[in-house]
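What follows is each chain in one-letter form.
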Protein chains: 2
Amino acid sequence: MKLKNLFIASAMLFAVLMAACTGGGETADRAGVDESSAVINNIMTRTSVRRFTSQPVSPDTIEILLKAGMAAPTAKNIRPWSFVVVTERAVLDSLQAVHPYSNLATATAAIIVCGDMQKYDDDILRQYWIQDCSAATENILLAAHSLGLGAVWCGVYPGQERVAGVRKVLSLPGNIIPLNLITMGYPDGEQTPKDKWNPEVVHYQKW
Amino acid sequence: MKLKNLFIASAMLFAVLMAACTGGGETADRAGVDESSAVINNIMTRTSVRRFTSQPVSPDTIEILLKAGMAAPTAKNIRPWSFVVVTERAVLDSLQAVHPYSNLATATAAIIVCGDMQKYDDDILRQYWIQDCSAATENILLAAHSLGLGAVWCGVYPGQERVAGVRKVLSLPGNIIPLNLITMGYPDGEQTPKDKWNPEVVHYQKW
């Protein structure tokens, strides 16, 4: 762990301990400071990973990631998501060919997070598919990081060319829209998370 | 903890242990099984909470949530988000009046996650604000749950009436779009997370 990461992790641990002290007894009752600090530390140290070792991602690990994805909140409990898991080299190469920024060259797995438009019968509600599938994606990224995997969220929708390319490679039906492609594997080398904290974008009570 | 939650948590812990055994040494090296299981357990047990005790959410806790939100991935590192933190009862009541499904009656805090359209000069890229702000929202929900808070993601955008109402109450400028309103507080009573696992929406190699 690099010095900066260690600093960020230490600062967050301190903040979590502070919150546990000031936030009352319920925090410690439910989960304990250790679980809180593990969760917050995992969120703060997750970063995009684009180079991987040859170590494959096991089916058991993939299933944990999918369960984490499906635990996301979803508008009106519609669960509009579907997932395509790709581990075959030939398919990863075909995806790289239609999505040049997918970083799949050394990846050993990808999960394509899709929205199923047939789950909706309301045009306004249908627009929530992006939010629901994004929440599922973030859950997958966080679960992956906690398991020692590296991953990167590669946008597909709303780029129409990328949507068409991914749809063709994966034989997606017309009602299925690929939102993104999560490229993953075991990281090759150390990663340094960005510090994106910016108090200037926070407002209190109103703008 | 109810029996169902205990079962889900136990099953996930077992799965994480399995993955650590089959996934190779890197998992244990980076984070350890305890951190993985805490993270996965937190993802699996998070659920929407709509009734709260009168215990306030401290400023230190709010800051941890905001830092977690800003640690989310964002397309081209644009970080299009801004946040309005509301803890004053009068403002929470005004938000409830313009957003009847915001569950703010007993909430002690809300964070309104917004997108700043001025951060973009490209019409295609601008559409990623929903995905970026959704990832930030999910980070906040997971961090809140780990700290013993309850929360619920109340959709604002793309409902034009809700957007207009929230904009008016918070005096949001025209370039700021409220994506959602995260209602929060310390949970009043036990919560049971939904089991949303559905292997039928998973496909391998292609559809």
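Predicted model only: the values in this text are computed from it and were never measured. Residues take numbers from 1 onward in each chain, read along the sequence in its written order. Each chain gets a letter, beginning with A, and each ligand a number, beginning with 1, in the order they are written. Residue-level local features of this predicted model are given only where pLDDT is at least 70; pairs of side-chain atoms are given and counted only at 80 or more, and the full residue set underlies all totals for whole chains, interfaces and linings.

## Points about helix 4 (residues 59-70) of chain A
Residues and elements named next belong to chain A.
Here's step 1: If you check helix 4, its first and last C-alpha atoms are 17 Å apart, about what twelve residues at 1.5 Å a residue would give, namely 16 Å.
Here's step 2: Note on burial: count the other C-beta atoms lying within 10 Å of the residue's C-beta; 20 or more is buried, 12 or fewer is exposed, in between is partly exposed, and C-beta positions come from the backbone. Numbering goes from the N terminus for both helices and strands, where a helix is a DSSP run of H or I of at least four residues and a strand is a run of E of at least two. Among the twelve residues in helix 4, nine count as buried, and that is most of the element.
Here's step 3: If you check which residues of helix 4 are buried, you get Thr-61, Ile-62, Ile-64, Leu-65, Leu-66, Lys-67, Ala-68, Gly-69 and Met-70. Each residue after the first adds 1.5 Å to the expected span of a helix.

## Considerations on the nonpolar core
Here's step 1: Any set of buried Ala, Val, Leu, Ile, Met, Phe, Trp, Tyr and Cys residues joined through C-beta atoms within 7 Å is what this text calls a nonpolar core. If you look at the biggest cluster of nonpolar residues, it comprises 120 residues, and the most contacted ones within it are A:Ala110, A:Ile112, A:Ala143, B:Ala110, B:Ile112 and B:Ala143.
Here's step 2: We call two residues in contact whenever the C-beta atoms placed from their backbones are within 7 Å. Each residue touching A:Ala143, except ones within four places of it in the same chain, is listed here: A:Ile64, A:Leu65, A:Ala68, B:Val39, B:Ile40 and B:Ile43.

## Let's talk about the interface of chain B and chain A
Here's step 1: Counting from both sides, the interface comprises 78 residues of chain B and, opposite them, 78 residues of chain A.
Here's step 2: Of all the elements, helix 7 (residues 129-146) of chain B adds the most residues to the side of chain B that touches chain A, at ten residues.
Here's step 3: Side-chain classes follow a simple rule in which Ala, Val, Leu, Ile, Met, Phe, Trp, Tyr, Cys and Pro form the nonpolar group, Asp, Glu, Lys and Arg form the charged group, and the remainder, Gly included, forms the polar group. Here the side of chain B that touches chain A is built from residues that sort into 43 nonpolar, 23 polar and twelve charged.

## Re helix 8 (residues 160-170) of chain A
All names here are of chain A.
Here's step 1: Of all the positions in helix 8, only Arg-162, Gly-165, Val-166, Arg-167, Val-169 and Leu-170 are classed as buried.
Here's step 2: Lining the buried residues of helix 8 we find strand 1 (81-86), helix 5 (89-98), strand 2 (109-116) and strand 4 (176-185).
Here's step 3: Looking one or two places after helix 8, you find Ser-171, whose phi comes out positive at around 55°.

## Points about the relation of the copies chain B and chain A
Here's step 1: Note on the identical chains: chain B maps onto chain A by a rotation of 180° and an axial translation of 0.0 Å, with an RMSD of 0.0 Å. What the superposition gives is, in effect, a two-fold axis relating one chain to the other.
Here's step 2: Here 100% of the contact residues of chain B are again contact residues in chain A; the copies associate through an equivalent surface. A least-squares fit on C-alpha atoms brings the copies together, and the residues used are those whose pLDDT is at least 70 in both copies.

## A look at the sheet that holds strand 2 (residues 109-116) of chain B
Here's step 1: One open sheet holds the five strands; their spatial order is 5(A)-1(B)-2(B)-4(B)-3(B), and the pairing between them is mixed. Two strands close off the open sheet at either side, each with one partner strand: strand 5 (202-204) of chain A together with strand 3 (150-155) of chain B. When strand polarity is set aside, the average angle formed by the axes of neighbouring strands in this sheet is 25°.
Here's step 2: By definition, two strands form a pair when at least two bridges between them are found by DSSP. As paired elements, strand 5 of chain A and strand 1 (residues 81-86) of chain B share three bridges and run parallel to each other. Bridge pairing links A:Val202 to B:Phe83 in strand 1 of chain B.
Here's step 3: Packed onto the sheet, helix 4 (residues 59-70) of chain B meets strand 5 of chain A together with strand 1 and strand 2 of chain B and runs at close to 160° relative to strand 1 of chain B.
Here's step 4: Axis lines are fitted through C-alpha atoms, for helices just across the contact stretch, and the angle between N-to-C directions can take any value from 0 to 180 degrees. Relative to the sheet, helix 7 of chain B contacts strand 1, strand 2, strand 3 and strand 4 (176-185) of chain B, its axis offset from that of strand 4 of chain B by approximately 10°.

## With respect to the pairing of strand 2 of chain A
Residue and element names in this part refer to chain A.
Here's step 1: With seven of eight residues buried, strand 2 is to be regarded as a mostly interior element.
Here's step 2: Of the pairings in the sheet, the one linking strand 1 to strand 2 comprises six bridges and is antiparallel in character. In the sheet register, Val-85 faces strand 2, and the bridge partner there is Ile-111.
Here's step 3: Summarising the sheet, strand 2 and strand 4 pair through eight bridges and their orientation is antiparallel. Looking at strand 4, one finds that Cys-114 is bridged to Pro-178.

## Quick look at the sheet that holds strand 4 of chain A
Here's step 1: Strand order in the open sheet formed by five strands is 3(A)-4(A)-2(A)-1(A)-5(B), and the pairing between neighbours is mixed. In this open sheet, the two strands that pair with only one neighbour each are strand 3 (150-155) of chain A together with strand 5 (202-204) of chain B. When strand polarity is set aside, the average angle formed by the axes of neighbouring strands in this sheet is 25°.
Here's step 2: Sheet contacts for helix 4 of chain A: strand 1 and strand 2 of chain A together with strand 5 of chain B; angle to strand 1 of chain A, the most-contacted strand, approximately 160°.
Here's step 3: On the sheet, helix 5 of chain A packs against strand 1, strand 2 and strand 4 of chain A and is oriented at approximately 115° with respect to strand 1 of chain A.

## Notes on the confidence of the model for chain A
Here's step 1: Confidence of the predictor at the level of single residues is given by pLDDT, which spans 0 to 100. Per-residue confidence for chain A averages 89 on the pLDDT scale, and 84% of its residues sit at or above 70.
Here's step 2: A low-confidence stretch, residues 20-31 of chain A (pLDDT under 50), is modelled with 21 contacts involving residues beyond four sequence positions or located in other chains.

## Details of the environment of A:Val84
Here's step 1: Along the chain, A:Val84 turns up in strand 1.
Here's step 2: The class of A:Val84 is buried, set by 26 C-beta atoms lying within 10 Å.
Here's step 3: The spacing of A:Val84 and A:Leu172 is 88 residues in sequence and 9.4 Å in space, taken between C-alpha atoms.
Here's step 4: Aside from chain neighbours lying at most four places away, what touches A:Val84 is A:Ile112, A:Cys114, A:Leu170, B:His203, B:Lys206 and B:Trp207.

## Topic: the packing of helix 5 of chain A against helix 8 of chain A
All names here are of chain A.
Here's step 1: Put simply, helix 5 and helix 8 touch, their axes get as near as 9 Å, and they point 160° apart. By the angle between their axes, helix 5 is roughly antiparallel relative to helix 8. Crossing geometry of helix 5 relative to helix 8 is assigned as right-handed. Within the contact between the two elements, helix 5 uses Val-91, Ser-94, Leu-95 and Val-98 and helix 8 uses Arg-162, Gly-165, Val-166 and Val-169.
Here's step 2: When its residues are assigned to classes, the contact of helix 5 with helix 8 shows five nonpolar, two polar and one charged. Note on terminology: angles under 35 degrees are roughly parallel, angles over 145 are roughly antiparallel, angles of 65 to 115 are roughly perpendicular, and the others are oblique. The handedness criterion is simple: a crossing whose near helix is rotated anticlockwise from the far helix by less than a right angle is left-handed, and one whose near helix is rotated clockwise is right-handed.

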